[in-house]
Amino acid sequence: MQQAIIPDAPVAATVSLTASAPVTLTADLAATLTGIRRGIEKEGIRATAAATLSAQPHPQALGAALTHPYITTDFAEAQLELITPAETDKKKTFAFLAALHHTVAKQLPEGEVLWGASFPPRLPEESAITIADYGQSNAGRLKKLYRQGLANRYGRRMQTVSGIHYNFSLPEAFWQQLHQQTGSELPLSAFISSRYFHLIRNVLRHGWVVPYLFGASPALDSSYLAGREHPLQTLDDETFYLPWATSLRLSNLGYGSSEQSQHAISYNNKEAYLNDLYRLLTLQSDGYAGIDAGEQVNTSVLQMENELYGAIRPKIVSEDLRPLYAMCRKGVEYVELRSVDNNPYLPLGLDETQSHFLDVFLTYCALAPSPELLPEEMAIIQLRQELVATEGRKPGLMLPTLDGAQPLVAMGESLLAAMQPLAAALDSAFGIRAYGMPEAGYQSSLQRQQDKFADSTLTPSAQLLADLQRHGVSYRTFVLQLAQQHHTFLQHIAVETDDVVQLQALAISSIAAQQQKEAQDTLSFDDFLREKNTLSSTCE
């Protein structure tokens, strides 16, 4: 039998008691929230003027995808990923995201645009979707092999679905005060990890509000489902949709894994989570055993930690250790919310108003009681997510809960009402006048989301379907029109000169860094891969 990856687990009772105890949001505790750090990772397809997937390689003017810290590729060679550093200043975060988009808009090949929606433009045959290339270094070859494994396991089309990852962490001063207030006997570092899992459990419980409020993928191009049976309706010759859907990206038709769904992952504490993660990284999959050697990293349920799908993940930054060991030794540093669709109406895919809401929501999830998740509730959560993703705007929709079915609207209004005091505290901490100028604040953002429960036509998903029907155009045509408008806007947008200069310098230095990696490799790739596939069952 494998040893537990963390032999000395904290007493579960301590975590459970802390998780269920109410927290008082004192003025001092609220004041620490100005130290919230957030970063954004945005995926997007490079599309042609014919609304097709670009067949061109990653533009050299954007640097090397392997070594550029802010502009890289995701699964496909034509799938960009734009990354902002973690900052406490939200204005700086969005200014840098704008600079990234501006740089991309300036450097894309003639006729190309950055596709603004989560579902891709018209796709070619599976085999014609080019997997991202990262050069001939061992690290680069591993990244490509991992993606080859994804292609063999899930299909290339699914991997072209794009989204936004919202990285979020609360400041140490916040955790210190909360540690004292709750009277936890855990060391501070262990307490912080336990509360991040506390936050994660609440995001799983209440996270259905994110696709309801911000889901923007109720329709998709017919090429995405070529050769597959599906329950979607036909809007036109090129478009499938569901009339009440919010985020088909988060449904069973979007980004997910039937293999992973057969294996439960615990989010009740760090130890249980890492033990389950280790199990899936070492458990041989009968379904993947038949894939040819050299076509995936290994035959485990998970090739690597990043293959674990889900609405939210605990994360840690470490250059020297793989994520499993880094989290084991150092704990959780932040969470990655993965359930945010690209909004094709917005040039950057999301805006500060949405970010305000996500800050309130994630902080609320860290403070509200969060008992352990048992299998019965996890099953309800999965059913609830699918219902909201596929028919969330349906009038009178009831959602399953542990206490029986409840109206979605009533559940949403109740949740947002509970978040109101925190939104007010955040406005006060940041010096933002409620509902006032010069900028909308946290309470204003919360009110805008509350309005969507009273009127679902205010949601991006409803607006997208209404526009497709009003203008009598296909999904690919309409999203292309929006992307072309944003492309022109982003080419001429005013951005920080320092950010542009930094990105220009990084494009050059990243190419040199990739070449250096290739020159410095001493191991053969087979030996390198063998080392990567060797896992210990402990943190040592």
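Report on the accompanying structure.

Rules used in this analysis
- Chains are numbered independently. Their residues run from 1 in the order of the written sequence.
- This being a predicted model, a pLDDT of at least 70 is required before a residue's local features are given, and a value of 80 or more before pairs of side-chain atoms are given or counted; all residues contribute to the totals for chains, interfaces and linings.
- As a rule here, side-chain values cover all heavy atoms of the structure and leave hydrogens and water aside.
- Throughout this description, the term salt bridge denotes a Lys or Arg side-chain nitrogen within 4 Å of a carboxyl oxygen of Asp or Glu.
- Secondary structure is summarised from DSSP: a helix means a run of H or I of at least four residues, a strand means a run of E of at least two, and numbering begins at the N terminus for each.
- Using a 1.4 Å probe on the protein chains alone, a residue whose accessible area is under 20% of its type maximum counts as buried, one over 50% counts as exposed, and one in between counts as partly exposed.
- Think of a nonpolar core as a cluster: buried Ala, Val, Leu, Ile, Met, Phe, Trp, Tyr and Cys residues, connected wherever their side-chain atoms sit within 4.5 Å.
- Residues count as neighbours in contact if any of their non-hydrogen atoms are within 4.5 Å of one another.
- To pair, rings of Phe, Tyr and Trp, with the six-membered ring standing in for Trp, must have centres within 6.5 Å; the planes then decide the type, stacked if under 30 degrees apart, edge-to-face if over 60, and tilted in the middle.
- Two conditions define a charge sitting above a ring: the NZ of Lys or the CZ of Arg must be within 6 Å of the ring centre, and it must be within 35 degrees of the ring normal.

1. Section: the pattern of salt bridges
Pairing of side chains with opposite charge becomes possible as their charged atoms draw close. Tallied over the entire structure, the rule returns 19 salt bridges. Residue Asp359 pairs with Arg38 through a salt bridge whose shortest N-O separation is 3.0 Å. In this pair, Asp359 is assigned in helix H12 (residues 352-367) and Arg38 in strand S1 (residues 37-47), connecting sequence segments 321 residues apart. Here Asp359 and Arg38 have matching classes, each one buried. Between Arg205 and Glu377 there is a salt bridge, with its nearest N and O atoms 2.8 Å apart.

2. Side note on the nonpolar core
One finds Leu170, Leu199, Phe357 and Phe361 to be the most contacted residues of the largest nonpolar core, which totals 100 residues. In terms of residue count, H12 provides more of this core than any other element does, 9 residues in total. Not counting residues up to four positions away in its chain, the partners in contact with Phe361 are Val203, His206, Gly207, Val209, Val210, Leu415 and Met419. The next biggest cluster of nonpolar side chains, apart from the first, holds 50 residues, and it includes Phe75, Phe119, Tyr146 and Val473.

3. Considering the packing of aromatic side chains
Scanning the model with the defined rule gives 17 aromatic pairs in all. A ring pair is formed by Trp115 and Tyr475, whose centres lie 6.2 Å apart and whose planes are at 65°; its orientation type is edge-to-face. In this pair, Trp115 is assigned in the loop between strand S4 (113-114) and helix H4 (138-154) and Tyr475 in helix H17 (residues 475-492), connecting sequence segments 360 residues apart. On the basis of relative accessible area, Trp115 is assigned to the buried category, the value being 0%. Using a relative accessible area of 1% as the deciding quantity, one classes Tyr475 as buried. Judged by centre distance (5.4 Å) and plane angle (55°), the rings of Phe197 and Tyr273 are tilted. A residue pair is termed long-range when its members are at least 10 positions apart, and Phe197 in helix H7 (residues 188-206) and Tyr273 in helix H10 (residues 270-282) qualify at 76 residues. Judged by its relative accessible area of 0%, Phe197 is buried. The class for Tyr273 is buried, based on a relative accessible area of 4%. Among the aromatic residues, ring-to-ring pairing joins Phe174, Trp175, Phe191 and Tyr196 into one connected group. Note that Lys143 overlies the ring of Tyr134, its terminal NZ or CZ placed 5.0 Å from the centroid.

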